[in-house]
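# A look at the structure
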Amino acid sequence: METSIWRPIIYLVGIMAFAGVNAAYLGWCERKGAGRIQRRPGPKEVGPAGLLQPLADGIKLMTKQLLVPQGVDGIIFRVAPVIAMIPAITSMVVIPFSGNIQARAMELSVLLLFALASLAMIAILLGGWASGNKYAIISSARAVSQNLAYEIPMLLTVIAIVMISGSMNLRDIAIDQQGGFWHWNIFRFENGHFLYMWVGFIIFFICSIAETNRAPFDMAEAESELVAGFMTEYSSMGFGLFMMGEYLNIVVGACLTATLFLGGWDCPFGQTPGVWWFLLKIYILIFTVIWVRWTFPRTQVYRLLNLSWKILIPFSLVNVLVTAAFIKVF
Amino acid sequence: MTLPVELRHDETFVLNLGPQHPATHGVLRVKLTMDGEYIVHAEPVLGYIHRMHEKIAEAGSFPQFMPNTARMDYLHALAFNHGYALVVEKAAGIEVPERAEYIRVITVELNRIASHLLWWAAFLLDLGGFTPLLYAFDDREKVLDLLERITGSRLTYCYMRFGGVYNDIDDEFIAGTRDFIRRLRSRMPRLYHDLVTHNIILIKRITDIGFISAEQCRRYGATGPVARGSGIDFDVRKNEPYSVYPEFDFDVPVYHECDSMARYMVRVDEMEQSMRIIEQALDKLPDGPVQAKVPKNLKPEAGYYYSAVETARGSLGHRLVCDGGKNPYKLKLRSPTFSNLSLFGEVAEGMLLADALAFMGSLDLVIPEIDR
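About the criteria used
Residues numbered from 1 in each chain as written. Chains lettered and ligands numbered in written order. Predicted model: local features only at pLDDT ≥ 70, side-chain atom pairs only at ≥ 80, totals over all residues. Heavy atoms only, no water. 1 Å grid on protein atoms, 1.4 Å probe; cavity = no way out; pocket = protein on both sides within 12 Å on 5 of 7 lines; lining within 4 Å. Points joined across faces, edges and corners; volume = space filled by probe spheres on them. Helix = DSSP H or I, 4+ residues; strand = E, 2+ residues; numbered from the N terminus. Nonpolar A, V, L, I, M, F, W, Y, C, P; charged D, E, K, R; others polar. Contact = heavy atoms within 4.5 Å. Salt bridge = Lys/Arg side-chain N within 4 Å of Asp/Glu carboxyl O. Polar contact = N/O pair within 3.5 Å; in protein donor to acceptor, adjacent residues only side chain to side chain. Core = buried A, V, L, I, M, F, W, Y, C linked by side-chain atoms within 4.5 Å. Buried < 20%, exposed > 50% of the residue type's maximum accessible area, 1.4 Å probe, protein only. Pairing = 2+ DSSP bridges. Axes fitted to C-alpha atoms, helices over the stretch in contact; angles between N-to-C directions. Phe/Tyr/Trp six-rings, centres within 6.5 Å; stacked < 30°, edge-to-face > 60°. Patch = residues over 30% accessible without salt bridge, like charges linked within 9 Å, V, L, I, M, F, W, Y side chains within 5 Å. Areas by Shrake-Rupley, 256 points an atom, 1.4 Å probe, with all protein chains shown as cover.

A few words on empty space enclosed by the protein. All names here are of chain A. According to the stated counting rule, one finds three cavities of 30 Å³ or more in the structure shown. By volume, the largest cavity amounts to about 350 Å³. Along its surface, the largest cavity is lined by 26 residues, and Ala117, Ala120, Glu211, Thr212 and Asn249 are the ones closest to its centre. Counting only elements with at least two residues in the lining of the largest cavity, the list comes to helix H3 (74-91), helix H4 (109-131), helix H5 (134-165), helix H7 (197-211) and helix H9 (236-261). Classifying every residue of the lining of the largest cavity gives 15 nonpolar, eight polar and three charged. Volume-wise, the second largest cavity comes out at about 80 Å³. Around the second largest cavity sit Phe205, Ser208, Ile209, Thr212, Asn249, Ile250, Gly253, Ala254, Thr257, Leu285, Ile286 and Val289, which together line it. The set of elements that each furnish at least two residues to the lining of the second largest cavity consists of H7, H9 and helix H10 (275-293). When grouped by side-chain class, the residues that make up the lining of the second largest cavity number seven nonpolar, five polar and no charged.

Shown next, in the form of structure tokens:
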């Protein structure tokens, strides 16, 4: 496996292509989905069913000037969008798309994913700070407090999963759940006892929406309050990279949810496991995220933090304790 | 590294909200002194869209000012038409045929529903809910289509004439209006209430936020849904009746919670009451002319005249001073949103930025009407 030089090249190209297509076409999916929810057609002029719209948007963004306003911290301002993009793509390296499609099966892949997810927050902080815009800095402050608050319950639920699987390797966690939906962590039966892992699933899913700054938790880019939040001063591809980074984070979040709770590439009925099941699961999760965004109004900053510190963290702590007790007793 | 925001000695900073900002729905500027995300002091700054409408009134003859009235509150333009027509009719002693009065009431109330629907949509947009906008616009479109048929325009109407209206309504309009009322009534509970009013996020966002006491309303002269949400039972249509409003049976929704939710409920209930008025008016609609005989050159007697109407945002006063000439000597408007906005500075103190903007949305500001 380690001998061939082609393996890393093929995976590099494959991951870049997957990330690029997702970043571009999730925007299209979102606009189309929002259109359907709002009883309008969505993009439809450019290409059949508007399929070339992301391409047109990309060309438009790339040909525009990256405006760097006066009084901006130039280097950080230019670097921040790139920092937003890189961890999201890097995360794809450790995600097991199926039993034999995975770039690197690292032992501590769960840890790596969370380390990279924290970097996305740094990008928002740097972008907002360097802009020198008051709306941007308020947005950055919100984003940091929000991400800190939601990483804790997220990690706590993952600890429960790690305890069940006995591994921090995403591949091992997925293999542990093979053989039909009753083996998946969300519906897990352990020695005839039902583990309440769906609680963990709900906590994890809420946290992943909050981590990616999506509505109803889109405090950082609350456009009716903060204009465009940390992206206020960005134009051209600076803005484009932030948007793509956001969509990729959603993809990574969905991949992680699917691997940790929904059995990864496993078929619900236990027959034909494969990459298509994995893709189906992540796109269902992504659709849910889009659906939620276009249905609910935005919450408030303090309610958001209350939800995390007063509800999700205690619940996830209890979740860890109960899971540990089950594992010990049975 | 330079600091992104320069703080003052007391660790506050000034945030300019507007004149170009998505939440102000126009060119309003609010100078906010902020302590973190908390507002220490808020000061609305006006004048960015001042067009001297009151001065323009003095330059032209009486009918020439009618189109200008629609350019102030462009969301409830027909009420502004109505108010101006009323004050000039009072000055010149013109009698309006009964059918015209009924048509005026029907169109003004239809326009009120359209205005409330747009407020509802924009308010939800302020709270980050995009989808309700499209649903409300779907219904509002029906009203605009109806009004376009008879007034000839969709937004800035110039429909009222001294002594009547420009155009009679036909059977198609009546049937269309009844259809619209049936449609809105059927959509209201399911789409508007189930999806939005009873949404837990919305309830938590606007309940107990933006408390305005009845005393504050009186002090600032707030009227309309803002005052009625604070428990003040005042509606010009009931308390100082004009036109043919006394002939209709309708309620004035009053809520005593004083918060943004109360103002929300007042407006939603008012749509139902407007529909009741329209239905009764359509049932009772008399036959006859829609325009009285009015001399070509109006020359009202010298004196002071005043008329008040209830717009979607509160009570609107027209004060007209005549000197016996062809032009108004002076026309002064008392517009509802100006008073309602004046509340903002006092109430927003100590609020979080996001709450203050939700509160601002609940005031239903139309900036061109504040800056005339």
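So, next bit.
Between chain B and chain A, the residue contacts involve 37 residues of the former and 29 residues of the latter. The residue Arg142 of chain A makes a salt bridge to Glu37 of chain B at a minimum N-O spacing of 2.6 Å. Here chain B is connected to chain A by twelve residue pairs in polar contact (both at pLDDT 80 or more). Residue assignment for the side of chain B that touches chain A shows that the elements contributing at least two residues are strand S1 (13-17), helix H4 (98-126), helix H5 (131-151), helix H7 (200-206) and helix H13 (353-362) of chain B. Residue contributions to the side of chain B that touches chain A peak at five residues, all from S1 of chain B. Here the residues of the side of chain B that touches chain A sort into 22 nonpolar, eight polar and seven charged.

This paragraph deals with the layout of surface pockets. Residue and element names in this part refer to chain A. Of the volumes computed, that of the largest pocket is approximately 930 Å³. Contributing to the lining of the largest pocket are 34 residues, with Gly27, Asp57, Phe239, Met243 and Tyr247 lying nearest its centre. Elements with a minimum of two residues in the lining of the largest pocket: helix H1 (6-37), helix H2 (53-63) and H9. Sorting elements by how many residues they give to the lining of the largest pocket places H2 first, with nine residues. Looking at the lining of the largest pocket residue by residue, the class counts come to 18 nonpolar, six polar and ten charged.

Among the nonpolar cores identified, the biggest contains 87 residues, and Tyr84, Trp120, Phe162, Ile169, Phe248, Tyr264 and Leu320 of chain B are the most heavily contacted of them. The element that contributes the greatest number of residues to this core is H4 of chain B, accounting for 15 residues.

With that out of the way, let us pick up the sheet that holds strand S8 (residues 330-334) of chain B. All names here are of chain B. One open sheet accounts for three strands, arranged S6-S7-S8; its pairing is antiparallel. Looking along the sheet, the strands with just one partner apiece sit at the ends: strand S6 (303-311) and S8. Ignoring which end each strand starts from, the neighbouring axes of this sheet average 15 degrees apart. The pairing of S6 with strand S7 (residues 314-322) spans nine bridges and is antiparallel. Within S7, the position partnered with Glu310 by the bridge is Ser315. Taken strand by strand, helix H3 (residues 77-92) contacts S6, S7 and S8, and its axis lies near 155 degrees from that of S6.

This part covers the sheet that holds strand S3 (residues 38-45) of chain B. Residue and element names in this part refer to chain B. Strand order across the open sheet formed by three strands is S1-S2-S3, with antiparallel pairing between neighbours. The open sheet has two edge strands, S1 and S3, and neither has a second partner. Neighbour-to-neighbour, the strand axes of the sheet open up by a mean angle of 25 degrees, direction not taken into account. Summarising the sheet, strand S2 (residues 29-35) and S3 pair through seven bridges and their orientation is antiparallel. Looking at S3, one finds that Leu32 is bridged to Ala42.

All names here are of chain A. On inspection of all chains with the given rule, the structure shows 22 aromatic pairs over all chains. A ring pair is formed by Phe230 and Phe242, whose centres lie 5.0 Å apart and whose planes are at 70 degrees; its orientation type is edge-to-face. Here Phe230, found in the loop between helix H8 (223-226) and H9, pairs with Phe242, found in helix H9; they are twelve residues apart in sequence, far enough to count as distant. Among the residues examined, Phe230 registers a relative accessible area of 4% and is labelled buried. You can call Phe242 buried: its relative accessible area is 4%.

A few words on the pattern of salt bridges. Residues and elements named next belong to chain B. According to the stated counting rule, one finds 36 salt bridges over all chains in the structure shown. Taking the shortest distance from any N to any O, the salt bridge between Lys142 and Asp138 comes out at 3.8 Å. Of this pair, Lys142 and Asp138 both sit in helix H5, separated by four residues, roughly a single helical turn. Overlapping salt bridges bring together Glu109, Arg112, Arg228, Asp235, Arg237, Glu270 and Glu310 as one network.

Turning our eyes to something else, we now look at a nonpolar patch on the surface. A surface patch of nonpolar side chains, about 790 Å² in accessible area, is lined by Ile5, Trp6, Ile9, Ile10, Leu12, Val13 and Met16 of chain A. The residue Ile10 of chain A is located in helix H1 in this model.

Residues and elements named next belong to chain B. Of the two faces of S8, only the one carrying Leu331 and Leu333 is buried; Lys330, Lys332 and Arg334 on the other face are not. In this sheet, S8 lies alongside S7 in antiparallel orientation, the contact comprising five bridges. Bridged to His318 within S8 is Leu333.

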